[in-house]
Amino acid sequence: MYWAICRRRLESSISVFDRPPSLDYLRRHVGTLVPYVVAATLYVAIGVLEPRFLLSWAEGIVFLMLVVSAVPAVFRRIRR
């Protein structure tokens, strides 16, 4: 009995992963990832130009929060 339940759960989870993700699902998750990729790219670029900036963890956190909140606002402004 227990093995039958485990097998059904395993088969149902495999069938979920067999189909490709929908376009809406990808847009939602890629849209969440983009601000962090932009923040990381800018942080490394600023770190190359000014290495002292990389050593301050407080500035790094503030920078991350500012960029992650500003990038979606910029994209919304461009789409209008």
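All values reported here derive from a predicted model rather than from experimental measurement.

**Regarding a nonpolar patch on the surface**
A cluster of nonpolar side chains, namely Leu 23, Tyr 25, Leu 26 and Val 30, defines an oily patch on the protein surface of about 360 Å² accessible area. Classification of Leu 26 as partly exposed rests on a relative accessible area of 39%.

**What to know about the nonpolar core**
Counting residues in hydrophobic clusters, the biggest one holds six residues: Ala 39, Phe 53, Phe 63, Val 67, Val 68 and Val 71. Dropping the residues within four chain positions of it, Phe 63 is found in contact with Ala 39, Leu 42, Tyr 43, Ile 46 and Phe 53.

**A word on helix α2 (residues 23–49)**
Between its first and last C-alpha atoms α2 spans 38 Å; for 27 residues at 1.5 Å apiece the expected length is 39 Å, and the two agree. Every buried residue of α2 is accounted for by Pro 35, Ala 39 and Gly 47. Among the structural elements, α3 (51–55) and α4 (57–79) are those in contact with the buried residues of α2.

**A word on the confidence of the model for the protein chain**
Taken as a whole, the protein chain shows an average pLDDT of 78; of its residues, 74% reach a score of 70 or greater. Ranking the elements of the protein chain by mean pLDDT puts helix α1 (residues 2–18) last with 60 and α4 first with 86.

**A look at the packing of aromatic side chains**
The final tally for this structure, using the stated rule, is three aromatic pairs. Their ring planes at 55 degrees and their centres at 5.4 Å tell us that Tyr 43 and Phe 53 sit as a pair that is tilted. Taken together, the positions of Tyr 43 in helix α2 and Phe 53 in helix α3 put the pair ten residues apart, joining distant regions of the chain. Relative to Phe 63, the ring of Phe 53 lies with its centre 5.7 Å away and its plane at 85 degrees, an arrangement referred to as edge-to-face. On the criterion of sequence distance, the pair formed by Phe 53 in helix α3 and Phe 63 in helix α4 is long-range, its members being ten residues apart.

**With respect to the packing of α2 against α4**
At a minimum axis distance of 9 Å, the contact between α2 and α4 shows a crossing angle of 130 degrees. One finds that α2 runs oblique with respect to α4. Where α2 crosses over α4, the handedness of that crossing is right-handed. Along the contact surface, α2 presents Val 34, Pro 35, Tyr 36, Val 38, Ala 39, Leu 42, Tyr 43 and Ile 46, while α4 presents Gly 60, Phe 63, Leu 64, Val 67, Val 68, Val 71, Pro 72 and Phe 75. When its residues are assigned to classes, the contact of α2 with α4 shows 15 nonpolar, one polar and no charged.

Criteria and thresholds
- Residues numbered from 1 in each chain as written.
- Predicted model: local features only at pLDDT ≥ 70, side-chain atom pairs only at ≥ 80, totals over all residues.
- Heavy atoms only, no water.
- Patch = residues over 30% accessible without salt bridge, like charges linked within 9 Å, V, L, I, M, F, W, Y side chains within 5 Å.
- Areas by Shrake-Rupley, 256 points an atom, 1.4 Å probe, with all protein chains shown as cover.
- Salt bridge = Lys/Arg side-chain N within 4 Å of Asp/Glu carboxyl O.
- Buried < 20%, exposed > 50% of the residue type's maximum accessible area, 1.4 Å probe, protein only.
- Core = buried A, V, L, I, M, F, W, Y, C linked by side-chain atoms within 4.5 Å.
- Contact = heavy atoms within 4.5 Å.
- Helix = DSSP H or I, 4+ residues; strand = E, 2+ residues; numbered from the N terminus.
- Expected span 1.5 Å × (residues − 1).
- pLDDT = per-residue confidence, 0-100.
- Phe/Tyr/Trp six-rings, centres within 6.5 Å; stacked < 30°, edge-to-face > 60°.
- Axes fitted to C-alpha atoms, helices over the stretch in contact; angles between N-to-C directions.
- Parallel < 35°, antiparallel > 145°, perpendicular 65-115°, else oblique.
- Left-handed = near helix turned anticlockwise from the far one by under 90°.
- Nonpolar A, V, L, I, M, F, W, Y, C, P; charged D, E, K, R; others polar.

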